Amino acid sequence: MISDQAKKEINTWVAKYPEGKQSSAVMQALTIVQKENGGSLTNELKQAVADYLEMPTISVQEVATFYENYNHKPVGKHVVRFCHNISCMLNGSDELISYLEEKLDVKTGEISKDGLVSVKRVECLGACVGGPMCQIGDQYYEKLTKKRIDEILDGLK
Amino acid sequence: MMVDIEIEIDGKVVHGYPGESLISIADREGIDIPRFCYHKKLSVAANCRMCLVDIEGNPTPQPACSTLSSAGMKVHTNNEKAKTAQKAVMEFLLINHPLDCPICDQGGECELQDVAMEYGSDISRFTEGKRIVDDKGIGALIQTDMTRCIHCTRCVRFGAEVAGIVEMGATGRGEDLKIEPFLSEGIQSELSGNMIDVCPVGALTSKPFRYDVRSWQMNSIQTIARHDLVGSNIFTQTHKNKVKRVVARDNESINETWISDRDRFSYQGVNNENRVLIPKIKIEGEWQDTSWDDALDFATNGIKKHAKEGSQFGTLASKNATLEELYLLQKFTRGLGSDNLDYRLDASNPNNAKVLESNISLTELETIDHALIVNSYLRLEQPMINHRIRKATLNGASVSTINAKAFDFNYRISHSVLTSPQNTVATLSGVLKALHDKSSKTLPDYLNSVTVHETHTDIANVLLNAKNPVVVLGEHMNGNTCSDQVAKLVSEIAKASDAKTINASLTGNTHSAERVNFRPDNGKNALQILSSDLTAFALFDVYPNFDCIDSKNAIEHLSRDDAFVVVMNSFDDESVSSFANVILPIASFYETSGTHINVDNIAQSYSASVKSAGESKPGWKVIKVLADLLNLQGFDFTDSSQIADEALSLTPRISEIEVPTSNSKMPNITTVWQYTPYASDVVVRHASSLQQTQIGQMSEASVCKATAKLLKLSEGDLYKGVPVNINESVAEGCVFVHTNLPRQLGVV
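Residues numbered from 1 in each chain as written. Chains lettered and ligands numbered in written order. Predicted model: local features only at pLDDT ≥ 70, side-chain atom pairs only at ≥ 80, totals over all residues.

Draft legend 1. Main features of the packing of helix α13 (residues 421–438) of chain B against helix α15 (residues 483–496) of chain B. All names here are of chain B. Their axes nearest at 9 Å, the elements α13 and α15 cross at an angle of 20 degrees. Classified by the angle between their axes, α13 and α15 sit roughly parallel to one another. Handedness of the crossing formed by α13 with α15: left-handed. The segment α13 lies against α15, with Thr424, Val425, Leu428, Ser429, Val431, Leu432, Leu435 and His436 engaging Gln485, Val486, Leu489, Val490, Glu492, Ile493 and Ala496. Classifying every residue of the contact of α13 with α15 gives 10 nonpolar, four polar and one charged. (Axes fitted to C-alpha atoms, helices over the stretch in contact; angles between N-to-C directions. Helix = DSSP H or I, 4+ residues; strand = E, 2+ residues; numbered from the N terminus. Parallel < 35°, antiparallel > 145°, perpendicular 65-115°, else oblique. Left-handed = near helix turned anticlockwise from the far one by under 90°. Contact = placed C-beta atoms within 7 Å. Nonpolar A, V, L, I, M, F, W, Y, C, P; charged D, E, K, R; others polar.)

Printed below as a string of structure tokens:
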């Protein structure tokens, strides 16, 4: 279930914790297998992570559902993680998310028909000063407007 | 060193230990503090906030469960500040809780209901929509209504800390937080029913009990669970002469506050339709219902006619019979001049000697630092004994096993030796020899030619390094034809390593059977009774197709034309009907008074919870009347407690018999036959919900590749009626059958 390459990466994280505390690496392990699986997790993958780190599967599920970083359904090539917490909301994130949904013809949590983009509402990403904002891949996009969103989407391939 | 400290709660001076939580002191002093997430047997979570109290000098109220006492503390549980806090928490907890108490099974015995009455407001200010949670099915025993859940996490902590199998968890976060298992596969723990008891609301309730009757309509009767060696304390809750539910009763030295699922849900068996309700006699091959008088006459006349001499009579009894029944039955049998009696029906070598005693109490078990488990899947065989060992492991104890299969224990096994029945003697001898080598004692002769392997030395080392080790011997020994040697060697290993012992090979009420000497002194044992030319038999709650080691032979033998078989049974059984001549219906569990002697030799007496079903009578009364009709002396009892008094006043005879040390010949490939815990006695076999659980449905013959090849078995074939599963967790040279199906087995 988990590739050798992924295991190797997970092991570097496991090595950072005391012996017997390998389950501390669960977040990194989930991130690694999610990335390898095209951006989302499956029950089987979570089970595999649990087995690999010798921890109960439900404990993996607890972590995986607590954090917004993990997707439990398949996602598009790019995930637009749109903040909807207080600063962004006050600056009009709701309207922008609706605009995004309309433009892509998707609802949050769905994938666009070309499979390129999916939209996710997330909790605060710590960039309140630049709200409304979103994250795509490792990149933050701040002070968003409809025009800016058009540009960003045009740039996605 | 624990030092007593003084604190003040509500103006009352009370004592506690430094580091003791306020709630635990208050509980001891009878001061009421509301709580949901706190449970005395679980870790402190402090997430419900219901137990907020005011501590002088503290600006805000503090949770009493996680605040530790310190000298001079002044605590108020019911001043303005505390009350405001409690009322506010209550309001928050009720925001999402549905107002469905009238259709909730927990209604009337609900902690949330009680606390809301006492500490909550009369009206809700919340007008928004309440949240709804989808339910995941979690099996046949626990009904979930997770919309009612208040996220106290008691069930989650129970799984992680007590059951040792983490199944429930808190997924999502914020308003989306849900308590659920990973998948809807059903809970696997053998202690899962305790989650129902710990749940403070109606989120987890008993599925078999669902919508049956309201809690306030039932009577609660203190009684004892009879399925295992522990005799867990329980309440039977009855309504209109039926047991509707079983819940745990606290007894710190026996079952603490937990009971196994077998003890909790087996009552369904007693209510099963398959009971014998009317006395029956067989005339010219036809069964006829009849009156008690006629049936008893028929039985006594038959015994007189077929057993002209006492030695032609033999008695077999269930290991779950009460002390009173076993005592009277042996008195009856010996009164007839027979010494042919036994309860060890599943033993392939019911030797006369009782080689291994148990000499450690359940509470002491928590203090061991190493356990060696021999021939046992202890977790399923004796859940409460296993629970104590698990508690010891949480304090650092290690566990090693010598078993035919690597079982799924709920703690880590440090050393595991896989060994087939035919190699068990060699393995145990190896360990014993290694122990002798280490302590440089002189070797007894029979160990001279024994080979010691590294694995044997490993186990010997951990035993010798432990300060308080224990050796546990389990059920799989019974099928071993060298069982006397196995027991003897286990006893020698314990002696050589200064270990305590637990003999869990004979379960149920077998300590009572031993107490009243329900085994032959010079007469025939169970195997001999079922293979010699006796002509009259009494069977007491025995169902040979499940209970006897060689069921086919037993049934054939009892079906002989010249055999007269008096059966005292509580359940109807086709094979019994085929050989019996008279069936006298007897009371089942909870329908008769009796006494159970547990592994600590504690005799616990209980009274009947409900009247016997149909025309059935308590077993002791039936045996007494049979004895009276046969003019036997010494049966002048009017009450079962008189029988218990007499039985317990006698000192059991101890038969010192030398154990043979020569190897009896065993085949190259053997079978270990283990029933699921829900097929271990007739009552639990009829408990329908338990049968639907994962443990109850287990039926597979595990065998390793090499042995499968020798037996020409492939995956999915039937081995003695049980589907084959090829895996490498089984010792070479044996098939491990774990099943709920009746035995189709010659001896090993």
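Draft legend 2. Region of interest: the interface of chain A and chain B. Contacts between the two partners involve nine residues from chain A, matched on the other side by 11 residues from chain B. Partitioned by chemical class, the residues of the side of chain A that touches chain B number three nonpolar, five polar and one charged.

Draft legend 3. Just the domain arrangement of chain A, in detail. According to the domain assignment, chain A contains domain 1 (4–66) and domain 2 (78–154). If you average the C-alpha positions of domain 1 of chain A and of domain 2 of chain A, the two centres end up 28 Å apart. (Domains from an automatic or database assignment.)

Draft legend 4. View of the sheet that holds strand β1 (residues 78–83) of chain A. All names here are of chain A. With respect to topology, four strands assemble into an open sheet ordered β2-β1-β3-β4, the strand pairing being mixed. With partners counted over all chains shown, the strands left at the sheet margins are β2 (117–122) and β4 (139–141), one partner each. Going from strand to strand, the sheet's axes swing by 25 degrees on average, the running direction of each strand aside. Across three bridges, the pairing between strand β3 (residues 134–136) and β4 is antiparallel. Paired with cysteine 134 across the bridge in β4 is tyrosine 141. (Pairing = 2+ DSSP bridges.)

Draft legend 5. Geometry of the confidence of the model for chain B. Scored by pLDDT, chain B comes out at a mean of 93, with 97% of its residues at no less than 70. Here the predicted complex scores 0.93 on pTM and 0.87 on ipTM. (pLDDT = per-residue confidence, 0-100.)

Draft legend 6. Inspection of the sheet that holds strand β1 (residues 5–9) of chain B at higher detail. Residues and elements named next belong to chain B. The strand order β2-β1-β5-β3-β4 describes an open sheet built from five strands, whose pairing is mixed. In this open sheet, the two edge strands, each paired with only one partner strand, are β2 (12–16) and β4 (62–63). The pairing of strand β3 (residues 52–55) with β4 spans two bridges and is antiparallel. Residue pairing across strands places valine 53 opposite glutamine 62, the latter belonging to β4.

Draft legend 7. Examining the environment of cysteine 548 of chain B more closely. The residue cysteine 548 of chain B is located in the loop between α18 (544–547) and α19 (551–558) in this model. When near neighbours in sequence (up to four residues on either side) are disregarded, cysteine 548 of chain B contacts Leu345, Leu530 and Ala554 of chain B.

Draft legend 8. Fine view of the pairing of strand β15 (residues 313–317) of chain B. Residue and element names in this part refer to chain B. Burial analysis of β15 places five of its five residues in the buried class, the great majority of the element. Burial of the side chains of β15 extends over both faces: Phe313, Thr315 and Ala317 are buried on one face and Gly314 and Leu316 on the other. Where β15 and strand β22 (residues 536–540) come together, five bridges link them in parallel fashion. When the bridges of β22 are listed, leucine 316 appears paired with leucine 539. Note that β15 and strand β16 (residues 341–342) share two bridges and pair parallel. Counted as the bridge partner of leucine 316 is aspartate 342 from β16. For the segment spanning β15, helix α9 (residues 323–335) and β16, crossover handedness is right-handed. (Buried ≥ 20, exposed ≤ 12 C-beta atoms within 10 Å, placed from the backbone. Right-handed = clockwise from strand over helix to strand, strands pointing away.)

Draft legend 9. Representation of unusual backbone geometry. Following glycine 131 of chain A, the chain continues into proline 132 of chain A via a peptide bond in cis, with omega recorded as -5 degrees. Positioned with a positive phi, glutamate 284 of chain B is a non-glycine residue whose angle comes to about 50 degrees. Topologically, glutamate 284 of chain B is positioned in the loop between β13 (280–283) and β14 (286–289). Of note in the backbone geometry, asparagine 517 of chain B takes a positive phi value of approximately 60 degrees without being a glycine. Mapped onto the elements, asparagine 517 of chain B comes out in the loop between α16 (510–515) and α17 (526–529).

Draft legend 10. Fine view of α9 of chain B. All names here are of chain B. The first and last C-alpha atoms of α9 sit 18 Å apart over 13 residues, in line with the 18 Å expected at 1.5 Å per residue. Counting buried positions along α9 gives 11 out of 13 residues, so the element sits mostly inside the fold. Within α9, the full set of buried residues consists of Leu323, Glu324, Glu325, Leu326, Tyr327, Leu328, Leu329, Gln330, Lys331, Phe332 and Thr333. One or two residues past the end of α9 sits glycine 337, with phi positive at roughly 90 degrees. (Expected span 1.5 Å × (residues − 1).)

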